[in-house]
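Here is what each chain is made of, one letter per residue.
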Amino acid sequence: MELYTRTLGDWLEHWAETTPDKEYIVYSDRNLRFTWRQFNERVDNMAKGLLAIGVKRGTHVGIWAGNVPDWLTFLYACAKIGAVAVTVNTNYKQAELEYLCQNSDMHTLCIVNGDRGSDDYVNMVYAMLPELKSSQRGYLKSKRFPCMKNVIYIGQEKYRGMYNTSEILLLGSNVEDDELTEAKKQVDCHDTVNMQYTSGTTGFPKGVMLTHYNISNNGFLTGEHMKFTSNDKLCVCVPLFHCFGVVLATMNCLTHGCTQVMVERFDPLLVLASIHKERCTALYGVPTMFIAELNHPMFDMFDLSSLRTGIMAGSLCPVELMKKVEEKMFMKVTSVYGLTEAAPGMTATRLDDPFDVRCNTVGHDFEFTEVRVIDPETGEEIPKTVNIPVYFLKPGSKINYPSRYGYELLGPGNNEHDGAYFMQVGGEGSLLDYPAEHLFKDENSNLNFDLARLLGCDPETDEEYIVCYLAMGNGPLAPNTSNDCSDGHTPADAWISDATEHWHICAVCNEKVDSAAHTFGSWTTTKEATATAAGS
């Protein structure tokens, strides 16, 4: 296996030449289909249009839209001329949008009109750029956003001060092909092509600069782990603004020459229908997406037997859910764990891994990638022979506990990766989603705990919910030393509660040793946790 030095534009032109009439982009709900050649031609025309409005090598172009057909057109058009596509979260509010546009030195912003009532994208852009309504297109001068020169509306509608897609393509028709060819010659695989903003759990979101080499090879390796070929068809219902959509999905299809079946906005019925109609062989999603698909009342009407594999990731994946997906959707589920900064995949399960490994771990290192677990207190690497089962989280604060609360899980030993599999349980600097008072109430005391939430699924609906909390014993919660585990470890220094039963857990071997040792009242969730657009 080797890494490639092609740019995204090189990959697109490679498939346009070798498989020109093969379908690349498909929107099954509207029967919109682009072959590799057709899509490459549209990208070239859009690239020339961007050149006409002053976009050039190193220019930052924001894309604020759902999975609309021209989202990928703008991505590849930027890539071909050396511009940087800045992905913008479709859930951003006014302040978040303005922060990103300033922080990224954005030159051009491409938008759709999001479905938010009066708080739509167009009005938000006008609020951010009041000068836009009185400016000639292409000549915007904003005091607060001095780098911003253009706003493009992705669609046919016309808004004051903004270009629309047709006008960009028309302007591009007046640009000579030689100008585009010269621009493409200046692009190198190690140039930045994509700026993705992190979720901001540890502070303000940070713009991660990713190169053609970063994201194309990460997507390629992701596909190799699932044995992708040009014959595959991947149903993509995860958002393109997220690394799940733009790298793990799009770059996988780009580097394997396979078909990308798009869903503009997640709808379980539309996903099922697209798989059925297009005979998709793979499906991506976060756990809540798979739950919605399995529980849809029309699920049994669709033939999903064409599916063979896919990725469930974005948040912790319940084992029972993965089992149901494998049984009812006929696909071997894999998982990927990583960081936006890592482009993003770092570890992954492989298609040939045993079921328990695929369900209980996030696999082992990507090829050409070094993964180490570091003790945050000493900075030293933790050896791969250590079995570290779980993180402990303190509500409302960053994860910052000693190394024995890390995230490495020992797997079956072999020479390939030293028997080390990784279990996803969080990341350095992650925050518990809600303060403790929103998650539980202790009716009998007002104790200060170190807690970890454990997610489970309702057995009837498969909906995720918080089932219990884990705390280290101290003060009034000191462990009951009268009951040791069967291996003689004493004391059992952790306890667990599921709101109906209380027991001790041996910190050494994890054996449950003491049932109903304490009664702390009823703990209940008091606030629902809704999924983000990325499904976390």
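Everything below is about the structure printed above this text.
Okay, so let's go over this structure.

Our next topic: the packing of helix α3 (residues 69-81) against helix α9 (residues 243-256). Following both chains from N to C, one finds α3 and α9 inclined at 75°, their axes separated by 13 Å at the closest point. The angle between α3 and α9 places the two elements in the roughly perpendicular class. The residues of α9 that touch α3, namely those facing Trp71, Leu72, Leu75 and Tyr76, are Val246, Thr250, Met251 and Leu254. Its residues placed into classes, the contact of α3 with α9 shows seven nonpolar, one polar and no charged.

A two-sided burial pattern is seen for strand β12 (residues 282-285), the buried positions comprising Ala282 and Tyr284 on one face and Leu283 and Gly285 on the other. Examined bridge by bridge, strand β10 (residues 233-236) and β12 share two bridges and lie parallel to one another. Bridging across to β12, cysteine 235 finds its partner in leucine 283. As a crossover connection, the stretch from β12 through helix α11 (residues 287-294) into strand β13 (residues 309-312) is right-handed.

Quick look at the packing of helix α1 (residues 8-18) against α9 now. Geometry of a packed helix pair, given as the angle between the helix axes and the separation of the axes. Where α1 meets α9, the axes come as close as 9 Å, and the angle between the chain directions of the two elements is 50°. Between α1 and α9, the crossing angle belongs to the class labelled oblique. Between α1 and α9, the contacting residues are Leu8, Trp11, Leu12 and Trp15 on the first element and Met251, Leu254, Thr255 and His256 on the second. Class assignment of the residues belonging to the contact of α1 with α9 gives a composition of six nonpolar, two polar and no charged.

So, on to the environment of threonine 192. With respect to the helices and strands, threonine 192 occurs in strand β8 (residues 192-197). Accessibility expressed as a relative area gives 23% for threonine 192, which makes it partly exposed. Linking threonine 192 and histidine 212, residues 20 residues apart in sequence, is a C-alpha distance of 6.5 Å.

Our next topic: the nonpolar core. With 126 residues, the main nonpolar core has Trp64, Tyr76, Leu283 and Met329 as its most contacted residues. Ignoring anything within four residues of it in the chain, the contact list for tryptophan 64 reads Val88, Asn89, Thr90, Tyr92, Leu97, Leu109, Cys110, Ile111, Val112, Tyr121, Met124 and Val125.

A few words on the environment of arginine 350. Positionally, arginine 350 belongs in the loop between β16 (345-348) and α13 (355-360). According to the relative accessible area criterion, arginine 350 is buried, its value standing at 12%. Each C-alpha atom, one on arginine 350 and one on lysine 227, is 8.8 Å from the other, the two residues being 123 residues apart in sequence. In this structure, arginine 350 is in contact with His225, Thr334, Arg358, His364, Asp365, Phe366 and Glu367, ignoring residues within four places of it in sequence. Among the polar contacts listed, one links the side chain of arginine 350 to the backbone oxygen of alanine 348, at a separation of 2.5 Å. A distance of 3.3 Å separates polar atoms of two side chains, one belonging to arginine 350 and the other to glutamate 367.

Scoring rules and cut-offs
Residues numbered from 1 in each chain as written. Predicted model: local features only at pLDDT ≥ 70, side-chain atom pairs only at ≥ 80, totals over all residues. Heavy atoms only, no water. Axes fitted to C-alpha atoms, helices over the stretch in contact; angles between N-to-C directions. Helix = DSSP H or I, 4+ residues; strand = E, 2+ residues; numbered from the N terminus. Parallel < 35°, antiparallel > 145°, perpendicular 65-115°, else oblique. Contact = heavy atoms within 4.5 Å. Nonpolar A, V, L, I, M, F, W, Y, C, P; charged D, E, K, R; others polar. Buried < 20%, exposed > 50% of the residue type's maximum accessible area, 1.4 Å probe, protein only. Pairing = 2+ DSSP bridges. Right-handed = clockwise from strand over helix to strand, strands pointing away. Core = buried A, V, L, I, M, F, W, Y, C linked by side-chain atoms within 4.5 Å. Polar contact = N/O pair within 3.5 Å; in protein donor to acceptor, adjacent residues only side chain to side chain.

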